[in-house]
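Chain and residue survey
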Amino acid sequence: MSNKEELALKVDPEKAKQDMLAKYPPKVARKRSKQIVVNEVAEEGLVPEVSSNVRTIPGIITMRGCTYAGCKGVILGPTRDIVNITHGPIGCGFYSWLTRRNQTATPEGGENFMTYCFSTDMQESDIVFGGEKKLRAAVKEAYEIFHPKAIAIFSTCPVGLIGDDVHAVARDMKEELGINVFGFSCEGYKGVSQSAGHHIANNQVFKHVVGQKDEGKKGKYVINMLGEYNIGGDAFEIDRFMEKCGITINATFSGNSTYDQFASAHTADLNCIMCHRSINYVAEMMEVKYGIPWIKVNFIGAKSSAKSLRKIAQYFGDKALMERVEEVIKEEMPAVEQVLEEVLPVTRGKTAMLFVGGSRAHHYQDLFAEMEMKTISAGYEFAHRDDYEGRKVLPSIKVDADSRNIEELVVEADPVKYRKRYSEADEKRFAETGFKFKDYEGMMPEMSNKTLIIDDLNQYEADRLIELYKPDVFCAGIKEKYSVQKMGIPLKQLHSYDYGGPYAGFKGAVNFYRDISRMVQTKIWSKVKAPWQKKPELAATYAWE
Ligand code: CFM
């Protein structure tokens, strides 16, 4: 055991929790104490309840983003040939423009509008007298210049406040222009985080796009990859080895995707979910309406990738595919193992903390485990209880007013397009082999006892965690990066990958091993001292102290 691992284990997690809560006023402490949980895995993967998907306490400096970000930026952002118009003042459009590193590969003659920033640039007069007229003009102008297949309209906060009806505008313009135009009521305040934006985006894409085109990609094993956004080229790597295996990805939601991929998504035979939080709604609805089952996969980590490939092959139950998958794994693994061997002497026994989004704080633990690094604390920014505790808790999740605010679509089997994807014989085979659908077990059952699980971590708690545990690497995003590094700890951005990546699949694992081994070796951050660390000049207390 390394010194760091020993040190981490010496920290009593319950004391660490109390330490973090001690500075809060009683009401805040009470709320946060339900979101900070010491992990304990009981039989059947039962874990303690984590309060999540609840409102952030104002002023607490959260890591979260807004509903508009989850809808426009996360789900629709990576689709290259839909013109995405932000209806609002220019800031929302400008600051959500090309910041997420979702890459795309436009074929010869194809369209890519991602490099453009479309906005209605609302002014004070639009806020006072209404912005619908301006929005109509913007849709028309975008159509005349670009002639896209589809135009999407995203509502920012003021749109909801002044009551502009983006859906009515979309309907009218669809009729007038003869292309698909649809709107999203994804005002930033619509939910407690970007998670609400995912749900809103899922609903509208399902309602207005999926099922519009009956010709999908042809292949023997046709799947959709859901919740893979091609950050740093992850989807390219997944495409590479899928192709090697002979598996056809019909649509990716939404990394490197096109309008037609969404429109023909209902033709695939299996939905594979990477990021459960952002896209499970579409998967569920596609199952009900079109009969496509879904499974959870994880292509973060070489072993996890191999496992997920085997799971897909098992679903199809075809011997030739199973053999091909084994061959591909055998071809891919030596290069991975070679680099792993190189880095292990450095990474073994080191510690990591992960506080990211709604899925990566879980998935990346697999990569760290491959490097024999221990995750001592982790949490999501905006995930729900099922992402922490597993889908088994779904029936017990209380729907609060904030969630009720988001529309739940009522979906039925399509009388024409519904098609059962497997036979009775398959069903028997699934039962015999224990093959499970909709099988997300969540983050906590896979984490060790006594690790600290923290939902919606904030700046203050991050600082305390680092002071108490001194992890070897802290994984979060750009908002956290510099304050953590100033405390002497390297920070790996797991949203943007710090301009690196891909980290998915086999080649991605190699990249990650190398990047992390470099980061945990360097002492540079611990040597940097700010003037006030050498000579404190100011001391302060909180108002309630
Ligand atoms: Fe899913 Fe994502 Fe994530 Fe997410 Fe995100 Fe992202 Fe993320 Mo940043 S869709 S939940 S809203 S995996 S943008 S690609 S990295 S917070 S963990």
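Note: the structure precedes this text.
Residues numbered from 1 in each chain as written. Predicted model: local features only at pLDDT ≥ 70, side-chain atom pairs only at ≥ 80, totals over all residues. Heavy atoms only, no water.

With respect to the state of the cysteines
- Across all of its chains, the model carries zero disulfides by this definition.
- Looking at cysteine 66, it has no disulfide partner, and the nearest cysteine sulfur is the one in cysteine 157, 6.4 Å off.
- We classify cysteine 66 as partly exposed; its relative accessible area is 30%.
- Considering cysteine sulfurs only, cysteine 245 is the nearest to cysteine 272, which forms no disulfide, with 12 Å between them.
- Its relative accessible area of 0% is what places cysteine 272 among the buried residues. (Disulfide = S-S within 2.5 Å. Buried < 20%, exposed > 50% of the residue type's maximum accessible area, 1.4 Å probe, protein only.)

Structural notes on the site of the ligand
- Around the ligand sit 14 residues in total, of which Arg100, His198, Cys275, Ser359 and His495 are the nearest.
- Looking at the shell around the ligand, its residues break down into six nonpolar, six polar and two charged. (Near = heavy atom within 4 Å. Nonpolar A, V, L, I, M, F, W, Y, C, P; charged D, E, K, R; others polar.)

Topic: the pattern of salt bridges
- Tallied over the full model, the rule gives 37 salt bridges.
- With a shortest N-O distance of 3.4 Å, lysine 319 and glutamate 323 are connected by a salt bridge. Taken as a pair, lysine 319 and glutamate 323 lie in helix H15 (residues 319-347) at a separation of four residues, close to a single helical turn.
- The exposed category is assigned to lysine 319, whose relative accessible area is 63%.
- Residue arginine 518 pairs with aspartate 515 through a salt bridge whose shortest N-O separation is 2.8 Å. Of this pair, arginine 518 and aspartate 515 are both found in helix H22 (residues 505-521), three residues apart, which corresponds to roughly one turn of the helix.
- Assessed through its relative accessible area of 18%, aspartate 515 is described here as buried.
- Within this structure, Glu237, Arg240, Lys244, Arg324, Glu327, Glu331 and Glu332 form a network of salt bridges that share partners. (Salt bridge = Lys/Arg side-chain N within 4 Å of Asp/Glu carboxyl O. Helix = DSSP H or I, 4+ residues; strand = E, 2+ residues; numbered from the N terminus.)

Describing the sheet that holds strand E7 (residues 247-254)
- Pairing within the open sheet is parallel, and its four strands lie in the order E7-E6-E8-E9. Taken across any chain shown, the strands that pair with only one partner, and hence form the sheet edges, are E7 and strand E9 (294-296). Adjacent strand axes in the sheet meet at a mean angle of 25°, parallel and antiparallel pairs treated alike.
- With three bridges connecting them, strand E8 (residues 270-273) and E9 associate as parallel partners. Bridging from a neighbouring strand, isoleucine 273 pairs with lysine 296 of E9. (Pairing = 2+ DSSP bridges. Axes fitted to C-alpha atoms, helices over the stretch in contact; angles between N-to-C directions.)

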